[in-house]
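Now for the letters of each chain:
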Amino acid sequence: MLTIKNLRVAIEGKEILKGINLEIKAGEVHAIMGPNGSGKSTLGNVLAGKEEYEILDGEVIYEGQDLLDLSAEDRARMGVFLGFQYPVEIPGVPMVNFIKTSVNEMRKFKGLEPLTAGEFLKLMREKKELVHLDSQLTNRSVNEGFSGGEKKKNEIFQMAMLEPKLAILDETDSGLDIDALRIVSDGVNALKHPERSTIVITHYQRLLDYIVPDFVHVLYQGQIVKSAGKELALELEEKGYDWLKNHSL
Amino acid sequence: MTLTANKVALSEKYTELFHANRSLLDEGSSDLLNRMREIAIKRFEKVGIPGFKNENYKYTNLERVFGKSFRHLLEYQPVDVDLNEAFRCDVPQLDTDVVLLVNGWYYAKNQPLNNLPKGVVVGSLKQVANEQPELVKDYLNRQAGLSDDPIVALNTAFAQDGFFMYVPDQVVVEKPIQVINLMRAEEPVFATQRNLIIAGKNSQAKVIFCDHTMNPVDFLTNSVTEVFVGQDAVLDIYTIQNQNNQANSVNSSFFRQEANSNLLSSVATLHGGLIRNNLKVEMAGEHAEANLYGMSFTDKNQHVDNFTNIEHAVPNCLSNQVYKNVLDEDSVGAFTGRIHVVRDAQKTNAFQRNNNVLLTDSAKMNTKPQLIIDADDVKCSHGATIGQIDEEALFYLRARCIGEADARMMLMNAFAHEVVQNIRVEPLRDRIDELVEKRLRGELARCHACDKN
């Protein structure tokens with residue numbers, strides 16, 4: 001599904017990703033862990049098409065296409081979903097309009113008719129239940145006045161609405177209490193599908209108790225320094241990232 | 001020296017024009033208007049056309065537009081206007097009672113409004129001043145006459161006609177009155193328009209002004225509107241400025257609010273050349289409330305300057321201002337918000353906000369809050385921002401399948417929406433939403449496009 005080869009990325013002249021290689025097959029869950037500043041979020045943003053980054057080298061092949069050639073909106077329409085670490089508040093853009101436009105843009109791209117009002121409302125009700133999203137929230141502007149937990153639930157709700165093929169969840173667990181974490185994880189797990197892959201970016205092992213990865217990669221100073229099965233997360237938790245620093249040296 | 005000499009020459013041009021045509025002005029109007037002229041022209045002479053050095057016109061040089069050569073309309077000249085033709089431009093079509101003014105004059109062929117509530121008078125200021133002077137005499141120039149603005153004085157000196165509305169005490173005018181101000185001439189024209197609106201005690205009314213041009217030529221309009229909002233009255237004044245980009249205007253509105261009155265003023269500026277909107281509110285009775293909104297969308301060389309001045313003369317009043325501007329290309333905007341709370345106007349609430357988005361490096365915005373607070377138990381706030389489109393929000397929308405152009409549009413609409421949502425006439429709100437969106441998409445028919453259709 002996704003092949004990243006020797007991806008090197010800089011921002012404002014500073015190299016952040018220094019040759020990333022990663023292969024993700026359909027249906028797999030990959031966790032990317034690492035200390036702050038190691039480039040985890042950069043990787044998520046680059047895959048989603050944020051423009052402020054400079055691609056120095058490498059390629060990203062998604063479903064046989066060079067992802068880096070596509071606009072952010074086209075990547076999203078092709079099924080790449082980024083769950084934001086810090087979802088932005090957009091006052092004046094109503095949630096409902098936003099979600100509706102979003103879903104219908106994706107349908108248009110796939111050559112499908114827009115949903116009727118009835119179909120849309122039904123779909124929205126269904127997916128809101130999945131993440132226990134307060135009904136009142138969809139009457140507000142996008143993320144406006146949402147608590148941290150509500151914002152994260154809203155991300156998973158949007159993911160459920162769009163049913164992406166590749167979901168990249170950037171620190172979805174940060175700032176979530178254990179109940180919210182469970183709800184969010186349940187939402188993610190409910191969307192698991194043999195054709196759908198997930199990249200979970202996280203700092204802590206805890207999330208991986210709920211979203212069980214097939215592979216864990218450790219990103220450190222812009223490179224993947226270690227890849228293994230889910231047991232690696234536990235080892236990291238136990239020994240801390242310092243262990244890794246010594247290990248990699 | 002040259003600059004000063006030019007300034008004197010320019011101002012003299014207008015005083016000479018006045019003196020040479022004094023009798024023509026008097027003949028064409030009513031005694032109530034004529035008796036104000038002498039003092040007004042003297043007041044104008046003292047300052048002349050304000051240039052950059054005038055603190056109140058620091059961001060808008062009127063010498064540039066007042067220095068152009070115009071034909072001055074000093075007497076009524078019949079012009080034929082087909083209303084259907086006017087509606088082909090983007091004059092919002094609403095369920096309203098329509099009154100047409102052409103080049104500042106009440107249009108002779110207006111259909112009489114027969115279904116107005118009893119006692120309500122809507123029509124030509126000149127005509128009402130002649131036929132029912134008792135409705136006009138206590139109000140005309142009562143607020144504008146206190147102003148030291150030379151452009152207002154110039155209006156008073158030259159004023160002959162304009163829109164008039166009187167709503168008696170206790171009367172509710174349910175249907176909005178829509179005043180369509182059309183500029184129509186084959187060559188550059190200078191027009192003077194004088195409006196007067198009186199809302200009696202506990203009355204309610206809504207007036208929508210739509211400023212349009214029908215020819216692609218230079219225009220200059222000097223318009224003054226005085227509005228009296230009686231005790232417990234509720235009055236909405238909406239203005240849609242959508243002239244051609246060669247049309248310039250100075251619009252000065254004076255509001256006086258009595259106790260418990262509620263005023264809403266909302267100005268949407270879409271197209272036009274140089275536009276200066278002066279808005280003065282005097283809180284004359286306690287517990288009065290004024291909500292004042294403005295938004296502009298400018299590009300090319302448009303210049304839009306909003307200058308507000310709220311006088312809290314008595315305690316316990318509320319004023320709330322929200323002004324927003326989206327500036328593209330080389331356009332220039334300005335906002336000055338003056339709030340004066342006099343010494344004993346305790347428990348005043350006065351809020352003011354001005355938010356601006358610059359879409360290019362060459363667009364320019366000047367913003368200046370001026371709070372003068374002489375009372376000690378008040379709540380006043382002001383805030384101004386000048387920024388670009390929020391790139392994080394843009395990326396967020398794009399990451400959710402929404403194309404860049406649509407995402408930008410969504411964000412700009414959202415920015416304007418805070419102003420639009422306060423419009424209390426629902427079909428007008430929808431229509432303005434639509435006009436704003438069309439304006440942002442660049443699809444809004446320039447008025448001169450009508451002639452080409």
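Cut-offs used in this document
Residues numbered from 1 in each chain as written. Chains lettered and ligands numbered in written order. Predicted model: local features only at pLDDT ≥ 70, side-chain atom pairs only at ≥ 80, totals over all residues. Heavy atoms only, no water. Pairing = 2+ DSSP bridges. Helix = DSSP H or I, 4+ residues; strand = E, 2+ residues; numbered from the N terminus. Contact = heavy atoms within 4.5 Å. Axes fitted to C-alpha atoms, helices over the stretch in contact; angles between N-to-C directions. pLDDT = per-residue confidence, 0-100. Buried area = accessible area lost by both parts, 1.4 Å probe. Salt bridge = Lys/Arg side-chain N within 4 Å of Asp/Glu carboxyl O. Polar contact = N/O pair within 3.5 Å; in protein donor to acceptor, adjacent residues only side chain to side chain. Nonpolar A, V, L, I, M, F, W, Y, C, P; charged D, E, K, R; others polar.

S.K.: Which parts of the structure should I look at to understand the sheet that holds strand 1 (residues 2–11) of chain A?
M.R.: The strands that make up a sheet are held in pairs by hydrogen bonds between backbone atoms, and each pair lies either parallel or antiparallel. Residue and element names in this part refer to chain A. Taken together, 4 strands build an open sheet; the order of strands is 2-1-4-5 and the sheet is antiparallel. At either end of the open sheet lies a strand with only one pairing partner, and these are strand 2 (14–24) and strand 5 (65–66). Here helix 1 (residues 40–48) sits on the sheet in contact with strand 1, strand 2 and strand 4 (54–62), set at roughly 110 degrees to strand 1.

S.K.: Honestly, the sheet that holds strand 3 (residues 29–33) of chain A in this entry has me stumped. Any pointers?
M.R.: Residue and element names in this part refer to chain A. An order of 6-9-10-3-11-12 is seen for the 6 strands of this open sheet, with the pairing classed as mixed. A single partner strand is all that each edge strand has here, and the edge strands are strand 6 (80–83) and strand 12 (223–228). For this sheet, the mean angle separating the axes of adjacent strands, direction not counted, is 20 degrees. Judged from the 5 bridges that link them, strand 11 (residues 215–220) and strand 12 form a sheet pairing that is antiparallel. Residue pairing for strand 12: L219 is matched across the bridge by I224.

S.K.: Is there a simple way to think about the confidence of the model for chain B in this case?
M.R.: A low pLDDT score tells you not to read the predicted coordinates there in detail. The pLDDT averaged across chain B works out to 92; a share of 96% of its residues lies at or above 70. Here residues 446–453 of chain B is modelled with pLDDT under 50, and outside its nearest four sequence neighbours on either side it reaches 18 contacts, counting other chains as well.

S.K.: Could you clarify how one ought to interpret the interface of chain B and chain A in this entry?
M.R.: How big an interface is tends to be stated in terms of accessible area lost as the parts join. Across the boundary between the two partners, chain B contributes 16 residues, which contact 31 residues of chain A. The contact between chain B and chain A buries some 2000 Å² in all, and 66% of this surface belongs to carbon and sulfur atoms. Scanning the region where chain B abuts chain A turns up 4 salt bridges. One salt bridge in this structure joins E155 of chain A and R400 of chain B, with 2.7 Å as the shortest N-O distance. The tally of links from chain B across to chain A stands at 12 residue pairs in polar contact (both at pLDDT 80 or more). At the level of secondary structure, the elements contributing two or more residues to the side of chain B that touches chain A comprise helix 10 (391–398) and helix 11 (404–420) of chain B. Element by element, the count of residues in the side of chain B that touches chain A is highest for helix 10 of chain B, at 6 residues. Across the side of chain B that touches chain A, the residue classes break down as 10 nonpolar, 1 polar and 5 charged.

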